[in-house]
Amino acid sequence: MNRRYFLSQSSLAAGTLLLPGWALAAEAEAEHLVILHTNDVHSRLDPFPMDGSRNQGMGGVAARAALIEQIRKENTHVLLLDAGDIFQGTPYFNLYKGEPEMKAMQAMGYDACTMGNHDFDAGLDNFAAQLQHVKFPVIVSNYDFSNTPMEGKALPYKIFRRGRLKIGVLGVGIELKGLVPDALFGNTVYQDPVAKANETAYYLKYREKCDLIVCLSHLGYSYREGNRISDKSLAAASENIDLIIGGHTHTFLPEPEKVRNKKGEEVLINQVGWGGIVLGRLDYIFSKVSKKNFWKSHGIEVEKKTVL
Amino acid sequence: MGLRVLYILSAVCVLLGCAGSYYQPGRVAHGRYDVKAGRIDSGVQALLGPYQQAVGGSMEAVVAEIAASLPKSQPDNLLGYFMTDAFLVQAAKVFGQQPDIALMNQGGIRINNLPAGPLKMRQLYELMPFDNQLVIIVLTGEQLQALLNHVAGRGGWAISGGSYQIKNKQAVNVQIGKQPLQSAARYRVALSDYTANGGDDCAMLVGVPQENKGYLQRDALIDYVKQWAAAGKQVPTPAAGRVTLLPQ
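Values in this document were obtained by computation on a predicted structure and should not be read as measured data.

Draft legend 1. Spotlight on the sheet that holds strand 9 (residues 162–167) of chain B. All names here are of chain B. Within the open sheet, the four strands sit side by side as 11-10-9-14. Their pairing is mixed. Two strands bound the open sheet, and with one partner strand each, they are strand 11 (179–180) and strand 14 (243–245). Pairing geometry for strand 10 (residues 170–176) and strand 11, over two bridges, is antiparallel. Across the sheet, residue I176 finds its bridge partner in strand 11, namely Q179. With respect to the sheet, helix 5 (residues 141–153) is in contact with strand 9 and strand 10, its orientation differing from that of strand 10 by roughly 130°.

Draft legend 2. Structural context of the interface of chain B and chain A. On the side of chain A, 91 residues touch chain B, which itself brings 50 residues to the contact. Buried surface at the junction of chain B and chain A, summed over both partners, amounts to about 6,200 Å²; 58% is from carbon and sulfur atoms. Looking at the side of chain B facing chain A, the largest losses of area belong to B:Y22, B:Y23 and B:R27, adding up to 17% of the total buried there. At the junction of chain B and chain A, the tally comes to three salt bridges. A:K97 is the salt-bridge partner of B:D131, the closest N and O atoms lying 4.0 Å from each other. On inspection of chain B and its partner chain A, the count reaches 32 residue pairs in polar contact (both at pLDDT 80 or more). Secondary structure elements with two or more residues in the side of chain B that touches chain A: helix 1 (2–16), strand 1 (22–34), helix 2 (42–59) and helix 4 (121–127) of chain B. When residues of the side of chain B that touches chain A are assigned to their parent elements, the largest contribution, 13 residues, is made by strand 1 of chain B.

Draft legend 3. Quick peek at the state of the cysteines. All names here are of chain A. Overall, the coordinates contain zero disulfides over all chains when judged by the stated rule. The thiol of C210 is not disulfide-bonded; the next cysteine sulfur, from C215, is found 13 Å away. Its relative accessible area of 1% is what places C210 among the buried residues.

Draft legend 4. Seen up close, the side chain of B:R122. Along the chain, B:R122 falls in helix 4. Residue contacts for B:R122: discarding those within four places in its chain leaves A:P49, A:P91, B:M59 and B:E60.

Draft legend 5. Quick look at the sheet that holds strand 12 (residues 186–192) of chain B. Residues and elements named next belong to chain B. The strand order across the open sheet formed by five strands is 8-4-12-7-13, and the pairing between neighbours is mixed. A strand with exactly one partner marks an edge of an open sheet, and here the two such strands are strand 8 (158–160) and strand 13 (210–216). The average undirected angle you get between the axes of adjacent strands in this sheet is 25°. Here helix 3 (residues 78–95) sits on the sheet and contacts strand 4 (101–104), strand 7 (133–140), strand 8, strand 12 and strand 13; the angle it forms with strand 4, its principal contact strand, is near 130°. Sheet contacts for helix 7 (residues 217–230): strand 4, strand 7, strand 12 and strand 13; angle to strand 13, the most-contacted strand, approximately 65°.

Draft legend 6. Looking closely at helix 3 (residues 61–74) of chain A. With 14 residues, helix 3 of chain A extends 20 Å between its outermost C-alpha atoms, agreeing within 8% with the 20 Å of an ideal straight helix rising 1.5 Å per residue. Of all the positions in helix 3 of chain A, only A:V61, A:A62, A:A63, A:R64, A:A65, A:A66, A:I68 and A:I71 are classed as buried. Buried-residue contacts for helix 3 of chain A involve strand 1 (31–38), strand 2 (78–82), helix 5 (99–108) and strand 12 (278–289) of chain A together with strand 1 and helix 2 of chain B.

Draft legend 7. Layout of the packing of aromatic side chains. Taken as a whole, this structure holds 16 aromatic pairs over all chains when the rule is applied. Considering the side-chain rings of A:F87 and A:F93, the 5.1 Å spacing of their centres and the 35° angle between planes classify their relative orientation as tilted. Judged on exposure class, the residue A:F87 and its partner A:F93 are both buried. Considering the side-chain rings of A:F120 and A:Y143, the 6.0 Å spacing of their centres and the 75° angle between planes classify their relative orientation as edge-to-face. One end of the pair, A:F120, is in the loop between strand 3 (112–113) and helix 6 (124–130); the other, A:Y143, is in strand 4 (residues 143–144), and 23 residues separate them in sequence. Of the residues examined, A:Y143 reaches a relative accessible area of 5% and is grouped as buried. Within the aromatic cluster, the residues linked to one another by ring pairs are A:Y202, A:Y206, A:F294, A:W295 and B:Y22. In this structure, A:K205 is placed above the aromatic ring of A:F294, and the distance from its NZ or CZ to the ring centre is 4.5 Å. The ring of A:Y223 carries A:R228 above its face, with NZ or CZ at 3.8 Å from the centroid.

Conventions we followed
Residues numbered from 1 in each chain as written. Chains lettered and ligands numbered in written order. Predicted model: local features only at pLDDT ≥ 70, side-chain atom pairs only at ≥ 80, totals over all residues. Heavy atoms only, no water. Pairing = 2+ DSSP bridges. Helix = DSSP H or I, 4+ residues; strand = E, 2+ residues; numbered from the N terminus. Contact = heavy atoms within 4.5 Å. Axes fitted to C-alpha atoms, helices over the stretch in contact; angles between N-to-C directions. Buried area = accessible area lost by both parts, 1.4 Å probe. Salt bridge = Lys/Arg side-chain N within 4 Å of Asp/Glu carboxyl O. Polar contact = N/O pair within 3.5 Å; in protein donor to acceptor, adjacent residues only side chain to side chain. Disulfide = S-S within 2.5 Å. Buried < 20%, exposed > 50% of the residue type's maximum accessible area, 1.4 Å probe, protein only. Expected span 1.5 Å × (residues − 1). Phe/Tyr/Trp six-rings, centres within 6.5 Å; stacked < 30°, edge-to-face > 60°. Lys NZ or Arg CZ within 6 Å of the ring centre and 35° of its normal.

Quick look at the structure:
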């Protein structure tokens, strides 16, 4: 789908063929970015078995790969991201410890992932070893992996260039103590995800001048306990993050949620359940702005479901 | 000439926005694709082939027959009761002494339902994918009450060998066997090493001595259902009502 098609689709969905004036005027200078995302796939390489259960026939890497390939054909600028818990949940993992999961993600052309708590399940040395099968980075900003098998094997952030856009991606992982057995996370030091996310996002915005800042998170969407850190509380306490792609709580969000950050700006949160049943998609339309306006806060208009 | 090249270069630069171009996201549209049967990527399918063959061979074997659908729910939880029944029966055999109760942490139950009918090995792996071991700990009634209060605060976990109710995030009317919990008594509790080591924020269990025979919880499930199959019987449906919610 090219940009023109996308725009006409969105205007149709909005019930009018009249595009907002700025969109027409700016179209020549606009950029269109497609973000595709998964979370908590949990070793679901095959579709769910046909056993009468709710998810039967859904998911599977071969079907997901075909979908992604089609979207790549229709769009120039695509980012494919995963928010962790790639491992654990089917006999594939018991037998092969994540090798086919990683190979499949590489074949699908994932651009980055973060780490979930279950990615520690066969030990950090195993996760580190399975990275030999992938070329994309593992992005975690708040785990200090010094003196662990993951030392030097994860990035705190990565900048992706898509056309004229610079997209900064950072990542935050969940508190491991009390969730992951001590022996599995070893010397990994969990650091405050809010502080680390803000520090990294500040760098990406003000030093690197990224046009969009995405946080991959395995913190979980929201919790009843008010003081527990989640994507919602991270969003509210954040600065300079535009989008949080979440995981851990296996939440199927019907649409991305808007939360106001510390500066009163809008942050989006999205999460697409688990098991590779759903592939999430966000289409961002960027307009060119002056250097002066780049630093000013701006709202984001979330359209009705339009891209499918 | 040189100026001309510079001019063209800078014009190209402006067009491509290679220097000093700034963008802001103004609009975002969203969608979700249901990943379902249809077109598949043959390359990825081929990559999976050898793994699929190996997994399929051993995992598609039918090991038992489930009498009635066992759904996961909370707090009253047939799937959880099935698991804790298996742990109670198997722990008695493996440890040579009958535990008083077995508990199963809700987060460790990894599928939503075991449907009635043939049960495949694969389903038991999906139900309990973790290589967690079944361990025995001995708790005083007071310690057990504290553990059950913690568990009640998390929505309630399945139990075998006892029952309790949840009121204001506390465990009340706790029965072990057919008797009310006695705070001075000592109880043998079968649960996972994950929980006994403080998983799911069970910090109160850290340091409590564990009996561990290196017996996986998944193997307990497998051995339990195979015994029913060997006896020519379906895996029975546990009675509901062991863990219930009281109005606040």
